[in-house]
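Here is how the chains run, residue by residue.
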Amino acid sequence: MNTHRPTTRAAAGGALGTVLIALVLAGCNHGTATSSSTTTGSGVTSSTTSPTTSSSTTESSTSSTAPPTSTSTSSATAGQRCLATALRPAIQSTGGAAGSTYLTIGLTNTGKASCTLRGYPGVSIVGHGNGTQIGADAVRDTTTPPVAVTLPVGHGTTFILRITQAANYPAATCSPVVGDGLRIYPPGSTEALFLADKGVTGCAKASVKLLTVRPVGVTAG
């Protein structure tokens, strides 16, 4: 007798129905999912799904919209040192006393922004038509301390240069040479300016110190 056959078919049918319901429910999940398969004892393959999530999309979007940073800076803003290329020298006045000539020399800012000068210019006499230095550099007059001077565009400052007359020294000691003008290094600069002065005479012997310079912005003392 086949008394147990209906029970076996009913059980198989119930298992198949359970699997079909599971498949319908899995199909309702519209998100991204991973799938795995197992085989039941009745020989029916069943599938299970597990959703996956990702946090990289939000992070990537945030970082890609960050504004770029700028590294550019102005090359000549207020407070920066005046470059030689932005200065024009000129003799503003000439005076004399006790065997010396005093030149008031102006430095005008011809650049595109305000700049600052502080300290002593470097000065020497040059000649021979090619900028050859004649004699020693100017020594510093430290009677009055330097001050910072800010020059707006088109404005300038001055400094005093004392030139002891070469005729005050014996020719053998001085070896006088008529120069073409002055080489001027603005304070802090390694680039020089040329200021023509056909009447200046230097001593070829570097042991004779004819030039004395005061700081920019200091006209007394």
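Computed from a predicted model, the values in this text were never measured in an experiment. (Residues numbered from 1 in each chain as written. Predicted model: local features only at pLDDT ≥ 70, side-chain atom pairs only at ≥ 80, totals over all residues. Heavy atoms only, no water.)

(A) Structural detail: the pairing of strand 4 (residues 100-109). Among the ten residues in strand 4, eight count as buried, and that is most of the element. In textbook terms, the turn of a hairpin is the stretch between consecutive antiparallel strands, and for strand 3 (residues 87-97) and strand 4 this stretch comprises two residues, one of which, Ala98, has a positive phi near 50°. The sheet contact formed by strand 4 and strand 10 (residues 156-164) spans nine bridges and is antiparallel. Looking at strand 10, one finds that Thr101 is bridged to Ile163. (Buried < 20%, exposed > 50% of the residue type's maximum accessible area, 1.4 Å probe, protein only. Helix = DSSP H or I, 4+ residues; strand = E, 2+ residues; numbered from the N terminus. Pairing = 2+ DSSP bridges.)

(B) Inspection of the state of the cysteines at higher detail. Inspection of the entire model under this criterion finds two disulfides. Residue pairing for Cys82: its cysteine sulfur links by disulfide to Cys115, the two sulfurs lying 2.0 Å apart. An S-S torsion of about 95° defines the bridge between Cys82 and Cys115 as right-handed. Of this pair, Cys82 sits in the loop between helix 2 (56-64) and strand 3 while Cys115 is found in strand 5 (residues 115-118), placing the two residues 33 residues apart along the sequence. Judged on exposure class, the residue Cys82 and its partner Cys115 are both buried. A disulfide bridge connects Cys174 with Cys203, and the sulfur atoms are separated by 1.9 Å. Its S-S torsion of about -95° marks the bond between Cys174 and Cys203 as left-handed, since a negative value means left-handed. Within this pair, whereas Cys174 is found in helix 3 (residues 171-174), its partner Cys203 is found in strand 14 (residues 201-203), the two being separated by 29 residues in sequence. This pair shows no difference in class: Cys174 is buried, exactly as Cys203 is. If the cysteines joined by disulfides in the protein are listed in sequence order, their pairing comes out as 1-2, 3-4. (Disulfide = S-S within 2.5 Å.)

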